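Structure at a glance
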Number of protein chains: 2
Amino acid sequence: MAEEVILLDFWPSLFGMRARIALREKGVEFDMREEDLSNKSLLLLKMNPVHKKIPVLIHNGKPVCESLIIVQYLDETWGPESPLLPSDPHERARANFWADYVDKKVYPALRATWLSTGEALEAAKKEYIKCLKVSEGELGDKAYFGGERFGYVDVSLIPFYSLFYVEKLADFSIVEECPKLVAWAKRCLQRESVAKSLPDQDKLYDFVLELKKKLQSQ
Amino acid sequence: MAEEVILLDFWPSLFGMRARIALREKGVEFDMREEDLSNKSLLLLKMNPVHKKIPVLIHNGKPVCESLIIVQYLDETWGPESPLLPSDPHERARANFWADYVDKKVYPALRATWLSTGEALEAAKKEYIKCLKVSEGELGDKAYFGGERFGYVDVSLIPFYSLFYVEKLADFSIVEECPKLVAWAKRCLQRESVAKSLPDQDKLYDFVLELKKKLQSQ
């Protein structure tokens, strides 16, 4: 059967980037459909009626929602010879823990830097850097989070690198604060799957500038 | 090798209950160690240095943290003849989605009912009931979320039933609002794994009453 793979996505989405990277890691041909989030498509509303959010993977008509669940689904469905998640249950649990950490801690901390100004912004910046340093501690001296091979935790965190450049909006330097994490990010970017999936930093900078204005005026 | 399985837990924890249920579903003998969360044990701080939260499963000295990750780990490590998660990747993704929904929507909505008073409480109650109704919609007329067998989504949501009784604190009736969900919960409670893992409702009622006072005075 011919596989039909559609990704409902939005180019600056960190979560969309995860799905794109995993699809490319697995060599899956897909049709990326850009959503207008101010006027969501009927397909998006039908395929993700609960959260109404991108990314949504539609594989032969069936939806898979939530970025980490999409990455796991892709890992289980394609390319068993190049797994993203380790097979050992304890190593899997560890990878799940650190990907979950990105969602529970790193992302909310980043978002807080967009929402806040003044003293609250200073606190938010500190918290964000703290979360990145905790991630860097888990990386340690390894090439990738899982060891020698690019894997699940790398997919979950690398989209944030596309926003490191945006740090200049908040006047802090991740390059200085987290040198090992930056070296890891550059290593990941040498992969075609990552390089093709992360947006242009200048374009993203302009987008986040607008987003901050919008969020802070609410 | 003799298996050493320790669960660092706290009796009223919805997340701890998940781990207990899954351990009992899998027939794993375990040593449940009650934590004093105002004076956490050195073992807890060592085994979960990132979040410093229960539950933590310690299997032969190695920690697994975060309740859903613990349930997955248990499912992969014990009793392949009675899996909690389905083997089909799309069905797995669906189960992961609904367990994730409990964490992302149901729990925050419940917590909001504890934190709020007056009009905010009315809004919080509505949101909580809405989330339960969405879950009930996914259950439909099935015996369990996954169909005929008790599984992963059931483990993730059933602890909340122990708090349905607490609804009288907020003056709303889940029995009236979600009759199918209540019938499902009673079905789950017929399982020894569930009945043994959920605390006494009167004891939990007193605990939540104190918790609400504490949260609202902060």
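Residues numbered from 1 in each chain as written. Chains lettered and ligands numbered in written order. Predicted model: local features only at pLDDT ≥ 70, side-chain atom pairs only at ≥ 80, totals over all residues. Heavy atoms only, no water.

**Considering the overall build of chain A**
Per the secondary structure count, chain A includes ten helices and four strands. Of the regular secondary structure in chain A, the N- to C-terminal order runs β-α-β-α-β-β-α-α-α-α-α-α-α-α. Its C-alpha atoms give chain A a radius of gyration of 17 Å, within 12% of the compact-globule value 17 Å for 218 residues. Across its three principal axes, chain A shows a C-alpha extent of roughly 55 × 45 × 25 Å. Buried positions account for 53% of the 218 residues belonging to chain A. Contacts spanning at least 24 positions in sequence make up 69% of the contacts within chain A whose residues lie at least 6 apart. (Helix = DSSP H or I, 4+ residues; strand = E, 2+ residues; numbered from the N terminus. Rg over C-alpha atoms; globule rule 2.2 N^0.38 Å. Buried < 20%, exposed > 50% of the residue type's maximum accessible area, 1.4 Å probe, protein only. Contact = heavy atoms within 4.5 Å.)

**What to know about a positive patch on the surface**
The grouping of Lys40(A), Lys52(A), Lys53(A), Arg111(A) and Lys105(B) at the surface amounts to a positive patch. In this structure, Lys53(A) sits in the loop between helix H2 (42-47) and strand S3 (56-59). (Patch = residues over 30% accessible without salt bridge, like charges linked within 9 Å, V, L, I, M, F, W, Y side chains within 5 Å. Areas by Shrake-Rupley, 256 points an atom, 1.4 Å probe, with all protein chains shown as cover. Salt bridge = Lys/Arg side-chain N within 4 Å of Asp/Glu carboxyl O. Lys, Arg positive; Asp, Glu negative; His and termini not counted. Charge placed at Lys NZ, Arg CZ, Asp CG, Glu CD.)

**Focus on helix H10 (residues 201-216) of chain A**
Residues and elements named next belong to chain A. For H10, which comprises 16 residues, the first-to-last C-alpha distance of 22 Å matches the rise-based estimate of 22 Å (1.5 Å per residue) to within 8%. Burial in H10 covers these residues: Leu204, Tyr205, Val208, Lys212 and Leu215. Projected onto a plane normal to the axis of H10, the buried residues spread over an arc of 105° and lie on a single side. Of the exposed residues in H10, those oriented more than 90 degrees away from the buried face are Lys213 and Lys214. Taken together, the buried residues of H10 touch helix H4 (89-115). With a side-chain oxygen lying 3.2 Å from the backbone nitrogen of Asp202, the N-terminal cap of H10 falls on Asp200. (Expected span 1.5 Å × (residues − 1). Arc of directions from axis to C-beta. Polar contact = N/O pair within 3.5 Å; in protein donor to acceptor, adjacent residues only side chain to side chain.)

**Some points on the sheet that holds strand S1 (residues 5-9) of chain A**
All names here are of chain A. In spatial order, the strands read S2-S1-S3-S4; together these four strands make up an open sheet with mixed pairing. Pairing within the sheet leaves two strands with one partner each, and these edge strands are strand S2 (31-34) and strand S4 (62-65). Adjacent strand axes in the sheet meet at a mean angle of 20° when their direction is disregarded. The pairing of S3 with S4 spans four bridges and is classified as antiparallel. Residue pairing for S4: Val56 is matched across the bridge by Cys65. Along the sheet, helix H1 (residues 14-25) makes contact with S1, S2 and S3, crossing S1 at roughly 155°. (Pairing = 2+ DSSP bridges. Axes fitted to C-alpha atoms, helices over the stretch in contact; angles between N-to-C directions.)

**Remarks on the sheet that holds strand S1 (residues 5-9) of chain B**
All names here are of chain B. Strand order in the open sheet formed by four strands is S2-S1-S3-S4, and the pairing between neighbours is mixed. One side of each edge strand has no neighbouring strand; the edge strands of this open sheet are strand S2 (31-34) and strand S4 (62-65). Within this sheet the neighbouring strands show an average axis-to-axis angle of 20°, counted without direction. Where S1 meets strand S3 (residues 56-59), four bridges bridge the pair, whose relative direction is antiparallel. Note that in S3 the partner of Leu7 across the bridge is Leu57. Strand contacts of helix H1 (residues 14-25): S1, S2 and S3, with the helix running at about 155° to S1, the strand carrying the most contacts.

**Some details on the pattern of salt bridges**
What the rule picks out here adds up to 30 salt bridges over all chains. Between Lys133(A) and Glu177(A) there is a salt bridge, with the nearest N and O atoms lying 3.4 Å from each other. Of this pair, Lys133(A) sits in helix H5 (residues 118-139) while Glu177(A) sits in helix H7 (residues 174-177), and the two are 44 residues apart along the sequence. Judged by its relative accessible area of 37%, Lys133(A) is partly exposed. The class of Glu177(A) is partly exposed, set by a relative accessible area of 32%. Between Glu127(B) and Lys130(B) there is a salt bridge, and its shortest N-O distance comes to 3.8 Å. A residue pair is termed a helical-turn pair when its members lie 3 or 4 positions apart in one helix, as Glu127(B) and Lys130(B) do in helix H5 (residues 118-139) at three residues.

**Things to note about unusual backbone geometry**
Here Ile54(A) and Pro55(A) are connected by a cis peptide whose omega angle stands at -5°. In this structure, Glu66(A) is a non-glycine residue whose phi angle is positive, near 80°. Tracing the sequence through the fold places Glu66(A) in the loop between S4 and helix H3 (67-77). Of note, the phi angle at Asn60(B) is positive, near 50°, even though the residue is not glycine. Looking at the element boundaries, Asn60(B) is found in the loop between S3 and S4.

**Describing the interface of chain A and chain B**
Contacts between the two partners involve 25 residues from chain A, matched on the other side by 25 residues from chain B. On the chain A side of the interface with chain B, the three residues burying the most area are Ile69(A), His90(A) and Phe97(A), jointly 26% of the side's total. There are four salt bridges connecting chain A and chain B. The closest approach of N and O atoms between Glu66(A) and Lys104(B), which form a salt bridge, is 2.3 Å. (Buried area = accessible area lost by both parts, 1.4 Å probe.)

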